[in-house]
Amino acid sequence: RLQAARLLVAAASLGGAAAFSAGTPASTFQVIEHPRVAPRRSPEAAAASDQSTSWGSSGAEALRSYGITTFAGALSALVLLRAAARRQAGARRREAFVTRRADGDIEIGYRNEETGETNYVNPWEERVDGDMELVKQGVKSRPMGNIYHEYTGPVYKQVPVVEGLSFPLDPRKYKPPLEPPPPGAKWGDGRSPDGNWYMEVDGENVQYWQGVGRRKAACAVVRLLKGTGQFIVNSKDAREFFEHYPYRWMKAIEPMAALSVKNDYDCIVKTFGGGKSGQAGAIRLGVARALQEIDYNWRPLMKKAKYLTRDWRMIEPKKTGQHKA
């Protein structure tokens, strides 16, 4: 039907253009006139000739206005057909999306009101063991950790995905991995497809846990590996980096010492910005966040000791006309 309508509009456009050209006055063309002697006519014949000339000019003007009207109508019809084609294309895309959802791989996220279970897994919605039982008993008002809103978007194999995508992804448009991570695995921040971090050590991929901390103007990226308790900061031993200042060394490694896991992991740190004191505070926060990635059950102790709290205290800027702040 759209094709037939397009043909009709094209025919109407051609007719309007023809009518427009037919009604164009003769003054637009170059006419070469040769002088000649007009024949003698009676007054009645001259009046009849003038009347026929006026009738011809008025007919040409009417034909020209009809052509303009037809041409404008054809253009408006083209615009309406284009809008209708776009609506039909959008409807086809929505139908294809609904069809893709109905194949069983992609479904809508929901929560069972009776059991509280969901058909998706939010890897960042972690809970301390036994915390929900204390909430049900009334001992605690809410479980420890972040509370997320219920998800009602598309779900693919228990993993929330972006609406409109189909899996596996097209390798001509996307880079690997072409499948989402397994249920319960985190993604982003340089993680591998299985949701963990790996680094190459002596030709082998070794898993590590990462945390980022900040203090004053300093920033620190901390990596914890299974090891014997080495503490390396910017490719130096921590004691050498902190200039054998025991207070700063102890402040940086305090979360691991509080959990008695100092000799179970190697700590590799890259820090920059600020001074030694600010860098020690940034390392402390990064170590606590990395330990939380290892075992979420350590969070209550570290949270109570304020190891996971960002310290926003900074020196007040100097004021103009004063010695200091």
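Because the structure is a prediction, the values reported are computed rather than measured.

A. Layout of unusual backbone geometry. The residue after Phe-167, namely Pro-168, is reached through a cis peptide bond having omega -5 degrees. Summarising the element assignment, Pro-168 is placed in the loop between strand S3 (159–160) and strand S4 (197–201). Of note, the phi angle at Gln-158 is positive, near 65 degrees, even though the residue is not glycine. Here Gln-158 lies in the loop between strand S2 (154–156) and S3. Positive phi outside glycine occurs at Asn-234, with the angle close to 50 degrees. With respect to the secondary-structure elements, Asn-234 resides in the loop between strand S7 (231–233) and strand S8 (236–237).

B. Highlighting the pairing of S4. Sheet analysis places S4 next to strand S5 (residues 204–215), joined by five bridges and oriented antiparallel. Within S5, the residue paired with Trp-197 across the bridge is Tyr-208. Between the end of S4 and the start of S5, which pair antiparallel, lie two residues, with Asp-202 showing a positive phi angle near 55 degrees.

C. The pattern of salt bridges, seen in detail. Taken as a whole, this structure holds twelve salt bridges when the rule is applied. The shortest N-O distance in the salt bridge between Arg-215 and Asp-311 comes to 3.5 Å. Here Arg-215 is found in strand S5, whereas its partner Asp-311 is found in the segment after helix H7 (299–304), with 96 residues between them in sequence. Residue classification places Arg-215 among the buried residues on the basis of a relative accessible area of 9%. The class of Asp-311 is partly exposed, set by a relative accessible area of 23%. Glu-254 is the partner of Arg-284 in a salt bridge, and the nearest nitrogen-oxygen pair spans 3.8 Å. One end of the pair, Arg-284, is in helix H6 (residues 276–294); the other, Glu-254, is in helix H5 (residues 246–258), with 30 residues separating them in the sequence. The network of salt bridges with shared partners includes Glu-126, Lys-186, Arg-191 and Glu-293.

D. Main features of the sheet that holds S7. One open sheet holds the six strands; their spatial order is S4-S5-S6-S9-S7-S8, and the pairing between them is mixed. Strands with a single pairing partner mark the edges of an open sheet, and in this sheet they are S4 and S8. Both S5 and strand S6 (residues 218–226) contribute to a ladder of eight bridges, which runs antiparallel. Among the inter-strand pairings, Gln-210 is bridged to a residue of S6, identified as Arg-223. Strands S4, S5, S6, S7 and strand S9 (265–272) of the sheet are contacted by H6, whose axis makes an angle of about 130 degrees with S5.

How each quantity is defined
- Residues numbered from 1 in each chain as written.
- Predicted model: local features only at pLDDT ≥ 70, side-chain atom pairs only at ≥ 80, totals over all residues.
- Heavy atoms only, no water.
- Helix = DSSP H or I, 4+ residues; strand = E, 2+ residues; numbered from the N terminus.
- Pairing = 2+ DSSP bridges.
- Salt bridge = Lys/Arg side-chain N within 4 Å of Asp/Glu carboxyl O.
- Buried < 20%, exposed > 50% of the residue type's maximum accessible area, 1.4 Å probe, protein only.
- Contact = heavy atoms within 4.5 Å.
- Axes fitted to C-alpha atoms, helices over the stretch in contact; angles between N-to-C directions.

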